[in-house]
Amino acid sequence: MNSEQRLTMIRRLSDAYGVSGFEDLAAAEARRWIDETRYAVREDHMRNLIIQPKAADGEVRILLDAHSDELGFMVQAIKPNGTLTFLPLGGWAANTVPAHKVKVRNRRGEYISGVVAAKPVHFMSESERRAPSEISAMVIDVGSHSLEETRDVFQIEIGAPVVPDVTCEIQREKGLIIGKALDCRIGVAALLETLDQIDPAVHRNHVAACLSSQEEVGDRGIQTALHQLEADVAIVFEGCPADDTFTEDWLCQTAMGKGLMLRHMDRSIIANPRWMRQVLTLAHDRGIPVQESVRSGGGNNGAMIQLSQRGIPTVVLGIPVRYIHSHHGIACLADVEAAVALAKAVIDTVSAADVDGL
C-alpha cells in the first residue's frame, strides 16, 4: 500500500456510513482493502468482519481488533408535522448534536438529508434559553410537512439509522485528517495497513483480525467474535480522545501529533503490565513516538478481549483524535504511521517465550 492508497483508504473509510448495528457499508469498504488471496474474510450475523490468514498456524496467535461502527442515531417516532424524534447510538454530548446535517436511511436503502433541529431561540422563554440541551427536545427535519409525507414520500420509518453528514478532508501538506467516524475508522485504517505489510505464508506468527461491530453501544460485537477466534495476545487499534486542547499541559497524555497512546488503565480495563512493558520497551528501542495514559473514564474492546478465553493479554494502541464523539474529528497522519509501525514491530518480534512470561 503506497501513500496515495493509504490516504484514499482513510478518506473512504471515514465517509462510509456505519452507525452501531448498521455497519454494512463500512465493513464493505474495509473489505476492499484486504488481499483475499492471503486472508479468508467473512462477515458474521453481528456484522463483525472476521479476517484470518490462509496460511497454517504460527508460533504466536496474535489478534488485531478495531471497531467499524460510529456514533449516530436511530429514528424513534414520526411526529404529526413530519419531523423525527430520535435516540442516540453511542455516547453523545447533547450540546454537540443540534444544527448539524445528517443522513437518514429510508426503507429503500437511500440516505435522505436532514437537519437536527432544536427550538429556535426566537421562540424560547428565558428559562428555556438557560436550560441545558437535551436530545429528547430535538428533532430531525427532512423538509416534510406531515407524518404521511415522511412515511410515504420520503419512505422513512421507525428504526431507521441516522448518520452525521460529513465529508472527510485530508490536508496532505499539514498531515491532517478532518472527518467523521475517526473513532474508530482511523484504527480500522491502521489495522488494514498492518495486515497489508504481513505475508502470512512466510510469517512465523499467526495474525488474525476482527473489525468489530457495536463497540459504541457496549463492546457487543467483539464478544461474539471472540467465540470464533483464538489468540495468545491482542492488539486493539482505537481512535482515542486527544486531550491537548482542553487539558493543562502537565496532565496532557494524548496529544495529537506526538505519537500513539498506550493506555495503562481506564474505567473498563487495567492493561496486563508485562505485555504493556514489552510493547513500550519495543517502541522506545525502535524510536517510535508513544505516549502513556491513565484515564478515569473511557472504555474499549480491549476489556472484553482481556477477559475472554484464558485471559488474553491486550494492549490498546490509541491514535489521538480531537473532538471524537461529535460530528467532526481531527487526527494526524504521523500518529497513524506510528501505530502501524509499532503493531508491525510487535508482530515481527513477539515469541512464544515472551507470551509464556506474561
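Preceding this section is the structure that the text describes.
Residues numbered from 1 in each chain as written. Predicted model: local features only at pLDDT ≥ 70, side-chain atom pairs only at ≥ 80, totals over all residues. Heavy atoms only, no water.

S.K.: Any chance you could explain the overall build of the protein chain here in plain terms?
M.R.: Regarding its fold elements, the protein chain presents 10 helices and 17 strands. By the compact-globule yardstick of 21 Å for 358 residues, the protein chain fits well, its C-alpha radius of gyration being 21 Å. Dimensions along the principal axes, computed over C-alpha positions, put the protein chain at roughly 65 × 45 × 40 Å. Counting only residues that meet the buried cut, the protein chain has 54% of its 358 residues in that class. Counting only contacts in the protein chain whose residues sit at least 6 apart along the sequence, the fraction spanning at least 24 positions is 75%. Split by element, the accessible area of the protein chain, about 15400 Å² in all, is 52% carbon and sulfur. Mean positive and mean negative side-chain charge positions of the protein chain (36 and 48 charges, respectively) differ by 2 Å. (Helix = DSSP H or I, 4+ residues; strand = E, 2+ residues; numbered from the N terminus. Rg over C-alpha atoms; globule rule 2.2 N^0.38 Å. Buried < 20%, exposed > 50% of the residue type's maximum accessible area, 1.4 Å probe, protein only. Contact = heavy atoms within 4.5 Å. Areas by Shrake-Rupley, 256 points an atom, 1.4 Å probe, with all protein chains shown as cover. Lys, Arg positive; Asp, Glu negative; His and termini not counted. Charge placed at Lys NZ, Arg CZ, Asp CG, Glu CD.)

S.K.: Help me understand helix 9 (residues 333-349), please; the structure alone is not making it clear to me.
M.R.: Since one α-helical turn is 3.6 residues long, residues separated by three or four positions face the same way. Over its 17 residues, helix 9 extends 25 Å from the first C-alpha to the last, a length consistent with the 24 Å expected when each residue adds 1.5 Å. Most of helix 9 is tucked away: 12 of the 17 residues are buried. Those residues of helix 9 that sit buried are Leu333, Asp335, Val336, Ala338, Ala339, Val340, Leu342, Ala343, Lys344, Ala345, Val346 and Ile347. (Expected span 1.5 Å × (residues − 1).)

S.K.: Please explain helix 1 (residues 3-15) as it appears in this structure.
M.R.: The end-to-end C-alpha distance of helix 1 is 19 Å, a good match for the 18 Å that 13 residues give at a rise of 1.5 Å each. All of the buried residues in helix 1 are Arg6, Leu7, Met9, Ile10, Leu13 and Ser14. Angularly, the buried residues of helix 1 cover 160 degrees about the axis, an arc narrow enough to put them on a single face. On the buried face of helix 1, the contacting elements are helix 2 (24-31), strand 10 (169-171), strand 11 (176-179), helix 5 (182-196) and helix 9. (Arc of directions from axis to C-beta.)

S.K.: Whenever I open this one, the nonpolar core confuses me. Can you help?
M.R.: In a soluble, globular protein the nonpolar side chains are often hidden away together inside. Among the nonpolar cores identified, the biggest contains 63 residues, and Leu64, Leu192, Phe237, Leu262 and Leu342 are the most heavily contacted of them. Counting 20 residues, the second-largest nonpolar core is a separate cluster that includes Val75, Val142, Ile156 and Val162. (Core = buried A, V, L, I, M, F, W, Y, C linked by side-chain atoms within 4.5 Å.)

S.K.: So what exactly am I meant to see when it comes to the layout of surface pockets here?
M.R.: To find leftover empty space, a probe the size of one water molecule is rolled over the atoms. By volume, the largest pocket amounts to about 480 Å³. If you go around the largest pocket, you meet 25 residues; those closest to its centre are Pro241, Gly298, Gly299, Ile324 and His325. Looking at the lining of the largest pocket, the elements with two or more residues in it are strand 13 (233-241) and strand 14 (260-265). The element that contributes the greatest number of residues to the lining of the largest pocket is strand 13, accounting for 4 residues. For the lining of the largest pocket, the per-class residue count stands at 8 nonpolar, 9 polar and 8 charged. Volume-wise, the second largest pocket comes out at about 270 Å³. Taken together, Pro98, Ala118, Lys119, Met124, Glu128, Arg129, Ala131, Pro132, Ser133, Glu134, Ala137 and Met138 make up the full set of residues lining the second largest pocket. (1 Å grid on protein atoms, 1.4 Å probe; cavity = no way out; pocket = protein on both sides within 12 Å on 5 of 7 lines; lining within 4 Å. Points joined across faces, edges and corners; volume = space filled by probe spheres on them. Nonpolar A, V, L, I, M, F, W, Y, C, P; charged D, E, K, R; others polar.)

S.K.: Explanation requested: the environment of Glu169 in the structure shown.
M.R.: Checked against the element boundaries, Glu169 lands in strand 10. Glu169 sits in the partly exposed class, given a relative accessible area of 40%. As for Glu169 and Asp15, which are separated by 154 residues in sequence, their C-alpha atoms are 9.7 Å apart.

S.K.: Please clarify how unusual backbone geometry should be interpreted in this entry.
M.R.: Trans peptide bonds make up the majority, and among non-glycine residues the majority have a negative phi. Across the junction of Asp183 and Cys184, the peptide omega takes the value 10 degrees, indicating a cis bond. Secondary-structure assignment places Cys184 in helix 5. Positive phi outside glycine occurs at Tyr323, with the angle close to 70 degrees. Tracing the backbone shows Tyr323 in the loop between strand 16 (314-322) and strand 17 (329-332). Tyr323 gets classed as partly exposed once you look at its relative accessible area, which sits at 37%.

Keep in mind that these numbers describe shape and distance, not what the molecule does.
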